[in-house]
Amino acid sequence: MEEQLKTILTEAFGESSDSEGEEQQQLVHSHCVENRDNGEALTGSVFGESHDWEKISEIDGLWLCKDFLSPDQQSKLLSSIQKEEWFAQSSSNQAMRFGDLPGWAVELSSSIHEAILFDNCVAELESCEKGKEACIFPQDLLWRKPLFDQLIVNMYRPGEGICPHVDLMRFEDGIAIVSLESSCVMHFTRVENETCRDQDPPQKVPLLLIPGCLILMWGEARYLWKHEINRKPGFQKWEGQEIDQKRRISVTLRKLCCTD
Ligand SMILES: O=C(O)CCC(=O)C(=O)O
Ligand SMILES: [Fe+2]
């Protein structure tokens with residue numbers, strides 16, 4: 001892996017001498033993402049971190065990154081969300097923003113971009129070796145500007161979840177969801193069509209979302225599969241154990257379709 005990292009860096013910056021090494025260090029710093037609201041950095045540098053990505057084999061275009069945010073980064077993100085005071089009133093459990101997103105969401109979006117950019121390269125290298133294709137997020141989606149311009153923050157109390165749905169068509173392909181606080185199981189079921197209606201029972205793919213994880217949905221995962229979180233008693237089981245439910249917060253980032 002270290003060799004692969006060296007290859008990527010060499011491809012990007014050329015061979016390094018001692019002085020070029022210094023230049024590289026500066027570049028690493030220049031990629032450091034700053035939280036515009038409170039000046040604190042949420043992530044390290046683009047080259048500082050490699051994440052553990054899992055391709056969900058049953059569903060094309062579904063990727064899970066379990067270690068996307070460290071516990072410290074999760075706390076910072078939570079406190080940025082708390083400062084918005086969206087959930088101060090007990091009646092509100094969802095906040096939506098379109099267009100210009102809060103600084104912390106812009107920063108989160110940059111961190112997602114950087115994590116994909118770096119790890120896509122590694123995934124490509126690794127898949128070359130294994131002779132398989134792997135793409136965490138398609139390049140055309142990764143380089144659109146902005147990557148995301150719509151934000152939903154959902155707050156779920158124990159027992160609360162979200163019904164099976166495909167995200168609205170007014171949003172483009174390529175959706176990112178970051179989970180905070182409580183673990184939960186998200187279930188995916190294929191959108192019904194003539195061929196799979198015969199399948200009894202329909203295939204249901206469970207995915208454990210732990211605090212700090214990121215999922216990416218694109219292509220088939222975004223258009224041909226419904227996702228849901230059923231937190232009613234009995235439905236949140238993982239490896240035979242019922243998950244201990246706490247409050248859960250999720251941050252969903254999407255891009256609105258152009259209207260012209
Ligand atoms: O809370 C989640 O993890 C999922 C949210 C979601 O699917 C949505 O807002 O469309
Ligand atoms: Fe959704």
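Scoring rules and cut-offs
- Residues numbered from 1 in each chain as written.
- Chains lettered and ligands numbered in written order.
- Predicted model: local features only at pLDDT ≥ 70, side-chain atom pairs only at ≥ 80, totals over all residues.
- Core = buried A, V, L, I, M, F, W, Y, C linked by C-beta atoms within 7 Å.
- Buried ≥ 20, exposed ≤ 12 C-beta atoms within 10 Å, placed from the backbone.
- Helix = DSSP H or I, 4+ residues; strand = E, 2+ residues; numbered from the N terminus.
- Contact = placed C-beta atoms within 7 Å.
- Near = placed C-beta within 6 Å.
- Nonpolar A, V, L, I, M, F, W, Y, C, P; charged D, E, K, R; others polar.
- pLDDT = per-residue confidence, 0-100.
- Pairing = 2+ DSSP bridges.
- Axes fitted to C-alpha atoms, helices over the stretch in contact; angles between N-to-C directions.

Another aspect to go through is the nonpolar core. Ranked by size, the top nonpolar core spans 44 residues in total, and within it Ala176, Val178, Leu214, Ile215 and Leu216 carry the most contacts. Broken down by element, the residue count for this core peaks at eight residues, all from helix α4 (residues 103-130). For Val178, the residues in contact, after removing those within four places along its chain, are Phe68, Leu69, Leu108, Leu214, Ser250 and Val251.

Taken together, Ile152, Asn154, Ile162, Asp167, Ile177, His227, Ser250 and Thr252 make up the full set of residues near ligand 1. Residues that form the shell around ligand 1 fall into these classes: three nonpolar, four polar and one charged.

As a further point, take the confidence of the model for the chain. Confidence in the prediction for the chain averages 82 pLDDT; 75% of positions are at 70 or higher. Listed scores for the predicted complex are pTM 0.81 and ipTM 0.99.

Across the sheet, seven strands lie side by side as β1-β2-β9-β6-β13-β4-β3; this open sheet has antiparallel pairing. Here the strands that pair on one side only, and so sit at the sheet edges, are β1 (53-55) and β3 (94-98). With direction set aside, neighbouring strand axes in the sheet form an average angle of 15°. Relative to strand β13 (residues 248-254), strand β4 (residues 150-156) runs antiparallel, the two sharing seven bridges. Of the residues in β13, the one forming a bridge with Ile152 is Thr252. Helix-sheet contacts for helix α3 (residues 71-83) involve β4, β6 (175-180) and β13, and the interaxial angle to β6 is about 100°.

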